[in-house]
Amino acid sequence: MSKKNSNVLKNRNNELTSLLFGSPFKNKTKTTRSFSERVKTKQITSDKNNENSKINIKSNKQLTPAWFDEDDDDFNDFNNDDQRLNNQEKTNEENSTTKTKKKTQTLKGEKITINQNLAKTNEIKKPQRKWAKIKNKDKTKTNQDLLANQTSTSSSLLRLSKKLPKKMISLTKLKDLNWQSKNTSVITSVDFHPGGEICSVGSSDRTLRLFQCDGVKNTMLKKITFSDLPIKESKFCLNGEQIICAGDRQHMYIYDLRSDNVSKITQLMNKKIDQLKSFCVSDPLKLICLVDVSGSILMIDQRSKQWVKDLVPPMPAEAISFVPNTNKLISTGKSGEILVWDVRNRQCIDKFEDIGVMNSTSIAASGNLKYYATGSTSGVVTVWNAKKREPLKSLMNLTTNSNLLQFNHDSQMLMMASSEKKNALRFVHIPSFTVFSNFPDPQTYVNKVTSFNISNDSTKIVIGNNAGNVYLYRNVYYQKW
């Protein structure tokens, strides 16, 4: 054997040993190649060596393995199965995504997916607890409906309000409304804008002030001085676009909030209004009613500011009030009887009286149309059943003229006061007709209350007194601002 052939054999032996057992000079690494692959690589390396040694070997002649190991087939089957499983998982994922998108079922007329169907079957097997269910009675409401509910009227607020607890009322005192510009005379009138963010303050020093009622800054927005009108009453009208101011004069003033103009009304069919007894405004009816010195009730149109009609009671009227959300007006006087007027037909439609009370000086009607309240010079406040025309309760907590009365928006509270005695202010719970015992407390001093007003949502209460102060309170039982 030549040296070249011996070298070739040695090289083949080295390659075979390195393939089977690994090279002794290199780091041993695990291989996952099959035996046939190893033979192919051995064939390629042997061909290269043959070319170098110039030995011609036929390309189609394959070397046979020296032995056959049965475990190699198991190893090959394992690799093939692993690849097959991977490919099958990918195809299954693709098929499942397409099937879940396309596959739907119909149940009770509604088109639902398989996931929803499974959720319903789970609900049948494991029903949801009653306390965890979300109540959504009207699913057809849009965002516009929800926004409309935010600007609801007093009738819708009545449905949303909660029950007011008895015995104790929780009022939080805020910064005085007119702390920036304090009045120097008696506060004769306070009134909230229908939106509740602005409050007007009229006083006998011939000034009308507008304040932003936020409870923090209470910024004064406007100050108007009337040279010839000590203000006795000031009310918002035309849905808050104007303020009408009246007093013991033959004329009135109108302040327009949009145009920032003041106009004077002098022609009222030569009616004598040099002594104003009572004053009320109805935006739905577009009417202004006032009681003159003779006891007649003057009806004035809000838009034209022209006299419309006189309502003449059998006995001179002392106080009047519109019944909310109706075309009715109620009046009372020295006789103690209550007259119910239809302002559209301009006639009296009902009459009832309290035998035990005379000289009524104030009157109010509740928003739920169930109650009337009258105040008298003796301080007795009588609450009436409006439908049955009978007195329900006589409140004797005031001992002087109870000339100020007002129900709140949901008719759960009645506010009453007397301007002739200090701290003569009370809040009455309706329908229990009990007075809240904790207001005013010994630390509360409101002096002589000359005017008060409750906002349309009952969250704010303003109280004016004879010293020129306007106190602002928040009722925590109603919606906070």
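Sequence order sets the numbering: in each chain, residues are counted from 1 along the sequence as written. Totals for whole chains, interfaces and linings use every residue, but because this is a predicted model, local features are given only for residues with pLDDT of at least 70 and side-chain atom pairs only at 80 or more, for both listing and counting. Computation of side-chain values covers all heavy atoms of the structure but excludes hydrogens and water.

Cross-referencing UniProt, the feature "repeat: WD" (unreviewed entry) maps to residues 319-351 in the present numbering. End C-alpha to end C-alpha, residues 319-351 measures 15 Å, and it is 0% helix and 64% strand. UniProt positions are given in the numbering used here, feature names are shortened, and annotations may be inferred rather than shown by experiment. Numbering of helices and strands starts at the N terminus; helices are DSSP runs of H or I of at least 4 residues and strands are runs of E of at least 2.

The gaps left among the atoms become clear once a water-sized probe is rolled over them. Residues are said to line a cavity or pocket when one of their atoms sits within 4 Å of a point; the points come from a 1 Å grid over protein atoms alone, cavities being sets where a 1.4 Å probe fits but cannot get out and pockets being open sets with protein on both sides within 12 Å along at least five of seven lines. Grid points are joined across faces, edges and corners, and a volume is the space filled by probe spheres set on the points. As enumerated under the stated definition, the model contains one cavity of 30 Å³ or more in all. The space that makes up the largest cavity amounts to roughly 50 Å³. What lines the largest cavity is Pro313, Pro314, Met315, Pro316, Ala317, Ser331, Thr332, Gly333, Ser335, Glu337 and Leu339. For the lining of the largest cavity, the elements supplying multiple residues, two or more each, are β17 (328-333) and β18 (337-342).

Quick look at the packing of aromatic side chains now. The rule is short: rings of Phe, Tyr and Trp, with Trp giving its six-membered ring, pair when the centres are within 6.5 Å, and they are stacked under 30 degrees, edge-to-face over 60, tilted in between. Counted under the stated rule, the structure contains six aromatic pairs. A centroid spacing of 5.5 Å and a plane angle of 85° characterise the contact between Phe439 and Tyr473, whose relative ring orientation is edge-to-face. You can see Phe439 sitting in the loop between β27 (434-435) and β28 (449-454) and its partner Tyr473 sitting in strand β30 (residues 470-475), a full 34 residues away along the chain. Classification of residues uses two cut-offs on accessible area relative to the type maximum, computed with a 1.4 Å probe and protein chains only: under 20% is buried, over 50% is exposed, and between them is partly exposed. Note on Phe439: relative accessible area 7%, which makes it buried. What makes Tyr473 buried here is its relative accessible area of 5%. Among the aromatic side chains, those forming a connected cluster through ring pairs are Phe352, Tyr372 and Trp384. Only Lys NZ and Arg CZ are tested; either one counts as a charge over a ring when it is within 6 Å of the ring centre and within 35 degrees of the ring normal. Across the ring face of Trp179, the terminal group of Lys175 is positioned such that the distance to the ring centre comes to 4.5 Å.

Our next topic: the pairing of strand β29 (residues 460-465). For β29, a buried count of six out of six residues is recorded, marking the element as mostly surrounded by other parts of the structure. Burial of β29 is two-sided: the residues Lys460, Val462 and Gly464 facing one way and the residues Ile461, Ile463 and Asn465 facing the other way are all buried. Should DSSP find at least two bridges between two strands, the strands are taken to pair. Relative to β29, β28 runs antiparallel, the two being bridged by five bridges. Counterpart to Phe452 in the pairing with β29 is Ile463. Counting the residues between successive antiparallel strands, the hairpin from β28 to β29 contains five residues, one of them, Ser458, with a positive phi of roughly 65°. As judged from the five bridges shared by β29 and β30, these two strands associate in the antiparallel manner. Across the sheet, the residue bridging to Ile463 is Tyr471, located in β30.

In a beta sheet, neighbouring strands pair by backbone hydrogen bonds and run either parallel or antiparallel. The antiparallel open sheet is built from four strands, whose spatial order is β4-β5-β6-β7. Only two strands of the sheet have a single partner each, and these edge strands are β4 (187-192) and β7 (220-225). Along the sheet, successive strands turn relative to each other by an average axial angle of 15°, direction set aside. Here strand β6 (residues 207-212) pairs with β7 via five bridges, running antiparallel. Bridge pairing links Arg209 to Lys223 in β7. Inter-axis angles, ranging from 0 to 180 degrees, are taken between N-to-C directions of lines fitted to C-alpha atoms, where helices are fitted over the stretch in contact.

Position of Arg209 among the secondary structure elements: in strand β6. Buried charged residue Arg209 carries no salt bridge. Nearest counter-charge: Asp205, at 4.0 Å. N or O atoms closer than or at 3.5 Å make up a polar contact, with two conditions inside protein: a donor-capable atom paired with an acceptor-capable one, and, for residues adjacent in sequence, both atoms drawn from side chains. Polar contacts involving the side chain of Arg209 include one to the side chain of Thr207, which spans 2.8 Å. Setting aside chain neighbours within four positions, we find Arg209 in contact with Ser181, Lys182, Asn183, Cys199, Ser200, Val201, Ser203, Met220, Lys222 and Lys223. Counted as positive: Lys and Arg. Counted as negative: Asp and Glu, with His and the chain ends omitted from the count. Any Lys or Arg side-chain nitrogen found within 4 Å of a carboxyl oxygen on Asp or Glu counts as a salt bridge. By definition in these notes, contact holds between two residues if any of their heavy atoms fall within 4.5 Å.

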